[in-house]
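# Notes for the structure review
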Amino acid sequence: MKRVTTVLAAGLAAAIGTVNAADTITIVSWGGAYTKSQVEAYHKPWIAQTGNFVVSEDYNGGLAEVKAQVDAGNVKWDLVDVELSDAVRGCDEGLLEEMDISALPDGDDGTPAAEDFLPGTYTDCAIGTIVWSTIYAYDASKMDSAPATIADFFDVDTFPGKRGIRKNPKANLEMALMADGVPAAEVYEVLGTEEGVERAFAKMDSIKDHVVWWEAGAQPPQLLADGEVVMTTAYNGRIFNAVASEDKPFEIVWDGQVWDLDLWVMPKGAPNKEAAMDFVKFSTDTKRLAAQASWISYGPVRKSSAPLVGSFHNKPDLDMGPQMPTAANNMKNALQNDFEFWADNQDQLNEQFNAWLAK
Amino acid sequence: MADTANVEIDDKLLKKRLDKALFKNRSRAFLLVLPLLLFLLVAFIGPILYFLSHGFIDKTFAALMPQTTEALSEWDAVSDPTEEMFAAVVADMVVARKNKTIGRVATRVNRDKPGTRSLFTSSARKAAKLEAPFSESLPAVKKDWNDIEVWQAMKTASRQYTLGYYAAALDMKVNADGSFERQDEKRRIHMTLLLRTMQISFLVTVFCLALGYPVAYLLATLPARTSNLLLILVLLPFWTSILVRTTAWIAMLQAQGVVNDLLVFFGMTPDDARFSLIYNKTGTLIAMTHILLPFMVLPLYSVMKGIPPSYVRAAKSLGANNWTAFWRVYAPQTIPGIGAGALLVFIVAIGYYITPALVGGQDGTMISNIIDDHMRKSLNWNLAAALGGVLMVIVMVLYYVYDRIVGIDNMKLG
Amino acid sequence: MALPAYAGWGERLWYYTFRFICFLIFLFLIAPILIVLPLSFNAEPYFSFTPGMLSGDPEAYSLRWYKDILINGMANPEAQTGWWTDVWNNAQWVRSMRNSFFIGVIATIIATTLGTIAAVGLSRAEMPYKKTIMAFLISPMIVPLVITAAGTFRAFSEFGLAYTHIGVILAHAVLGIPFVIITVTATLVGFDNSLVQASYSLGATPVRTFFKVQMPLILPGVISGALFAFVVSFDEVVVVLALGSVEQRTIPRQMFSGIREQISPTILAVATILVIISIALLATLELIRRRGERLRGLSPS
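What you are looking at is a predicted structure, and each value in this text was computed from that prediction instead of being measured.

## Some words on unusual backbone geometry
Residues and elements named next belong to chain B.
- For the bond from alanine 132 to proline 133, the omega torsion is -5°, close enough to zero to count as cis.
- When you line up the elements, proline 133 lands in the loop between helix H6 (117–127) and helix H7 (134–141).
- The backbone of alanine 77 shows a phi angle near 75°, a positive value even though the residue is not glycine.
- Classification of alanine 77 as partly exposed rests on a count of 14 C-beta atoms within 10 Å.
- For lysine 100, which is not glycine, the phi dihedral falls at a positive 55°.

## A short note on the domain arrangement of chain A
Residue and element names in this part refer to chain A.
- When the domains of chain A are assigned, the result is domain 1 (19–131 + 262–323) and domain 2 (132–260 + 331–358).
- Each of domain 1 and domain 2 has a C-alpha centre, and the two are 26 Å apart.
- Opposite the 21 residues of domain 1 that make contact, domain 2 presents 17 residues.
- Ranked by residues supplied to the side of domain 1 that touches domain 2, first place goes to helix H4 (residues 84–92) with four residues.
- Of the residues assigned to the side of domain 1 that touches domain 2, the class counts are eleven nonpolar, six polar and four charged.

## Brief notes about the interface of chain C and chain B
- Opposite the 78 residues of chain C that make contact, chain B presents 74 residues.
- Only helix H1 (9–39), helix H5 (92–122), helix H6 (130–142), helix H7 (145–158), helix H8 (165–189), helix H10 (206–235), helix H12 (251–260) and helix H13 (266–295) of chain C provide two or more residues apiece to the side of chain C that touches chain B.
- Grouping the constituent residues of the side of chain C that touches chain B by class yields 61 nonpolar, ten polar and seven charged.

## Quick notes on the interface of chain A and chain C
- With 24 residues of chain A at the contact, the number on the chain C side is 20 residues.
- Contributions of two or more residues to the side of chain A that touches chain C are made by helix H1 (2–16), strand S2 (53–58), helix H3 (64–72) and helix H10 (219–225) of chain A.
- Take the side of chain A that touches chain C: its biggest share by element is four residues, from S2 of chain A.
- Of the residues that constitute the side of chain A that touches chain C, the class distribution is eight nonpolar, ten polar and six charged.

Calculation rules
Residues numbered from 1 in each chain as written. Chains lettered and ligands numbered in written order. Predicted model: local features only at pLDDT ≥ 70, side-chain atom pairs only at ≥ 80, totals over all residues. Helix = DSSP H or I, 4+ residues; strand = E, 2+ residues; numbered from the N terminus. Buried ≥ 20, exposed ≤ 12 C-beta atoms within 10 Å, placed from the backbone. Domains from an automatic or database assignment. Contact = placed C-beta atoms within 7 Å. Nonpolar A, V, L, I, M, F, W, Y, C, P; charged D, E, K, R; others polar.

Take a look at the structure:
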């Protein structure tokens, strides 16, 4: 009996007494290569500088867990990496703490933060970090001819084989319309009408039987590597990393890319507000943002960071500039995700998308 | 004479004492169960009822837009909105904007009239500066305020007690006047999923029976030492984590997985046309059959073990061939086992979540997955509760049937 | 069911066909579990056999995924000193392992204590409304987990129990209860009540009777019930998904996100360890069963 009690006591102590010396903040992001780039560029230097600790957790986007925690009155997350539409929506619903841009450090060239950040990359409740993009990629070793346009992705006759697509209407409906010949500038106008939505779904219908759905950003490179699909939509940085770090024969098609922002938000009632805010200040300064770009091909949102973007962290001859979604060559036919459109229509289109999937 | 009376009194006394003793015993037995009953009431039954109540009750709009709710209650849902209603909306929006609850209001109305989120969030930003008459100044901000459907949606949203979510769970919708109508075809999904859930559960049950019956029969007829050894092969999967088994099936069934590799190796399919065995309904069926098979084998085995071999021998000695002896004499005696196993597998299958979520892809997901989706993605707890209510009714009916046919106290584990 | 000497060729054929079918079914049951073992030693980050593995090349096998179990999440994997406290406090899988055991053990204690006492009451002949109460106590096993998870999350949130260890423990205790009830009542069915009468008549108090007479006899049932309750908690993921945050992350929860988010053979390595644990549990259970049968004077089968 005595032994049992000792074991129990040890278990209790272990469960309760986890690292109390310094602040431990919980940072939630998208996992895989992206989280790794944040760990290398932000977390490690911050831990070394402050002596605090970071617990890193993965999620697949959305506000659900933040809302659940805020509603439950027991917030566990300190910072979350979200898309713009969720940052705006979360702010409207009172789920997020306000964050003041003027509290952030000036750019290295002395420009105040509010001007150094690209327009629209921060809001009342969110501070931007990177520009990323949904693109599609293929395995060059398995294709006889190279697809080049967004229309090719939807063309299973010329390019047979399975497609990987995110199980979510966002970015897919836009791509479908662009593949169907809608110019990027008119996509949201068309998607705002019932006929436009029908048209997008009709285009999706043409490849529905060839689709493998993915949910987490780490999945598409895996699907390509495993040969489950010949082409897949993906976050551009994930594909880049599979090429740069694992020498995979993947190619990105930039035509019809849909780009978006990732931002830091702090759930209302976050347990370690001060430490978390300190982390936000630290991670979004000119040097840190530029440093992240040496780990993954996502563009920094500070103007002052752009000139500092160099080469991949362990490949000095691999220049990062041309790999960014915002590089001129990649922007020829590109679309920015319209956060207001999605804030308005997300629920309805999700519902319709699910019904379409189930059919 | 006196003697008889005494006996009578003693009888009564005895009966009274006996009753008292019985009552004492009964309460003592009940007291032993009571702590557990209370625990389950607080930690299980209560929470579930509370959750399911959200399927009928939705106070979001009424709580956050109290004046509007008041004003809407007198409106007939057909005539033009009054100035009073406009004023109430503006007043409520000013408060909601200040409290940062306008997003919740917008989300709520957006459920009944999609595309209205920004109408609320952007109007609320300007609401504080508006001046009377609001029936003119508010539509000046966004002309959609002249759309009567917006007001009808608000009226629907303002009802605190509603059948709307149960209707939605059955692919119906409630109109502003309270009548029901079928959902647009392109938004119907729940009935499809419910039917698919039934279909998958049924197929899994049939597969489990087809695979479980021979195994149980073999186990029951082998000598005890061998059958105990083989029983471990059934119990080991039972004791292995469901996550482990699901992972294992991913490794087995994926395009570059073991099964496809073998098929290619034996030339049964070309290398570039491997079978899609996972992330679809096939994957769900295979993995679920594997996971639920022990639930079928164990009850079958325990029934078959109890059938004396002499019956079949007697049938044979009376001239029946193996076939007849099995089907006419042995099989009918296993029906209780089949009933117990099949019902148990079906009940567990119908509420299954993990396996379809991980290997179901688009056509292998089930009703539990959509409930979870509404809970954790679209954040529509009310609809999740209504769907949960529908699922709960089905499961409880099956549970009742199980109790009547098999008896709860006959449930065995290994 | 040995084949009699006089069996005809048809009967022989059927006999062997039937055995072959049964062999295939056993293969279906066991192969996926066994396949995990070799794959977890894959040197490549894939879920499939590489050509090197098939040709028996030792280079194609490695322990890297087992190493990854310890390293993943560590603050400083290269450190020479103090690395084990780092592993203990920070390695994700080790933290999950600790959570799984902590939550599982406490939930098991609650479920077993309440369940055993209730089972003793239930198996008394005088117990009123026995069937209804039994149906009620077994229901956590029947109610779909998604509903249990949603219900406990909503209700526990109101009391600040969501995202706490206590919340997860309470919910897991609930899920373990049916298993304790079933196993303990099964042992009590064969219980000879005259032993209790004898104990009373010799002057023992009810409490003393329970611990000295009943308990030793139903102990095998209690232990196997406890094992079941522990396994239920140890394997449970739906409730943890809803009720737990990163601090309550258990092994199945970690595996769940591993399969969905970062597919790596580390999961196979963890799976292998879990298979070994389940074999150990199963062996324990079998030993207890035999002991129980001996105690009750049955010859072990």
